[in-house]
Amino acid sequence: MNKCDQCIVRELTSLKALSRDEVVQLANSKTTRSIKKGEAIFEEGEVTNGVFCVKDGIGKLSKLSANGKDQIVKLVKAGELLGQRSIISNEPANLSAKALADMEVCFIPKGDIIHFFNNNNQFSMNLMQLVFDDLKRADDHTVDMTQKRVKERLAETLLYLKDTFGVNQDQSLKAQLSREELAGMIGTATESCIRLLSDFKKAGLIELKGRMIFLIDIKKLKKAAN
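In this convention, every chain numbers its residues from 1, walking through the sequence in written order. Totals for whole chains, interfaces and linings use all residues, but because this is a predicted model, local features are given only for residues with pLDDT of at least 70 and pairs of side-chain atoms are given and counted only at 80 or more. To obtain the side-chain values, all non-hydrogen atoms of the structure were included, while hydrogens and water were left out.

### What to know about the sheet that holds strand β1 (residues 31-35)
Strands are labelled as partners when DSSP assigns at least two bridges between them. In this text, helices come from DSSP runs of H or I with a minimum length of four residues, and strands from runs of E with a minimum of two, each type numbered from the N-terminal end. With antiparallel pairing, four strands are arranged side by side in an open sheet as β1-β8-β3-β6. Where the open sheet ends on each side, the last strands, each with one partner, are β1 and β6 (81-82). In this structure, strand β3 (residues 50-56) lies alongside strand β8 (residues 103-109), joined through six bridges in antiparallel fashion. Bridge pairing links Val51 to Ile108 in β8.

### A short note on the pairing of strand β4 (residues 59-64)
Pairing between β4 and strand β5 (residues 70-76): six bridges, direction antiparallel. Looking at β5, one finds that Leu64 is bridged to Asp70. The loop that links β4 with its antiparallel partner β5 comprises five residues; one of these, Gly68, has a positive phi angle of about 85°. Pairing of β4 with strand β7 (residues 96-99), which is carried by four bridges, proceeds in the antiparallel orientation. Along β7, the bridge assignment pairs Leu61 with Ala97.

### Quick word on the side chain of Gln84
Here Gln84 is to be found in helix α2 (residues 84-89). Remark: exposure states derive from per-residue accessible area (1.4 Å probe, protein chains only) relative to the maximum for the residue type, with buried under 20%, exposed over 50%, and partly exposed in between. You can call Gln84 buried: its relative accessible area is 4%. The contact definition used throughout considers only heavy atoms, calling two residues in contact when any of these lie within 4.5 Å. In this structure Gln84 touches Val51, Leu127, Leu130, Val131 and Asp134, once residues within four positions along its chain are discounted.

### Here we look at the side chain of Arg179
Along the polypeptide, Arg179 turns up in helix α6 (residues 179-186). One polar contact links the side chain of Arg179 to the main-chain carbonyl oxygen of Gly210, over a distance of 3.0 Å. Of note is the side chain of Arg179, whose polar atom sits 3.3 Å from the backbone oxygen of Arg211. Any pair of nitrogen or oxygen atoms within 3.5 Å is treated as a polar contact; in protein, a donor-acceptor pairing is required on top of that, and neighbouring residues in sequence qualify only through side-chain atoms on both sides.

What follows is the structure, given as structure tokens:
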């Protein structure tokens, strides 16, 4: 079995509250899955029957809007849990989770999560904090969508991608989103997103090479975001 007690993910999530015996229980019950880029971890409306812990890779949480477009709600990386809100609310998944790059995730059955939740106060507090953080992030996103211009939201999102997921050696963003996905994050049409990226390039803020985005002038990007 994989040694959950040695997994760095345990130090980054509510799992760090588990006792050694609980970690052994977790290791005996969890399964590890490889998710290829573009594949779903779970779909909106699906009963997940557990939570997923991201060991490696980048994924997205999204919701299908009334007009059929995929609206990205959040990007996820190693150390994050997926599906915890459904477990607490005992409802089907409110969002879809898909891999933006190859991912490795561990699935922890619902029974174990409920056991830990009922018997480990610190674990339950940590899990609830994750849910509250997601709700706060959703509130902040709603405010940004109503009060900030699309140009400001794009600049802010590019900086978020850099700060959260980092850059490659060539200084391109590690989180490579399609133009449609990026448009979904900032709440605009794909054509508008492409046009704004072109404007940012002309202004010397970024460089574009295929799907890759290079941040050239961070100071100007921060100014554009505000």
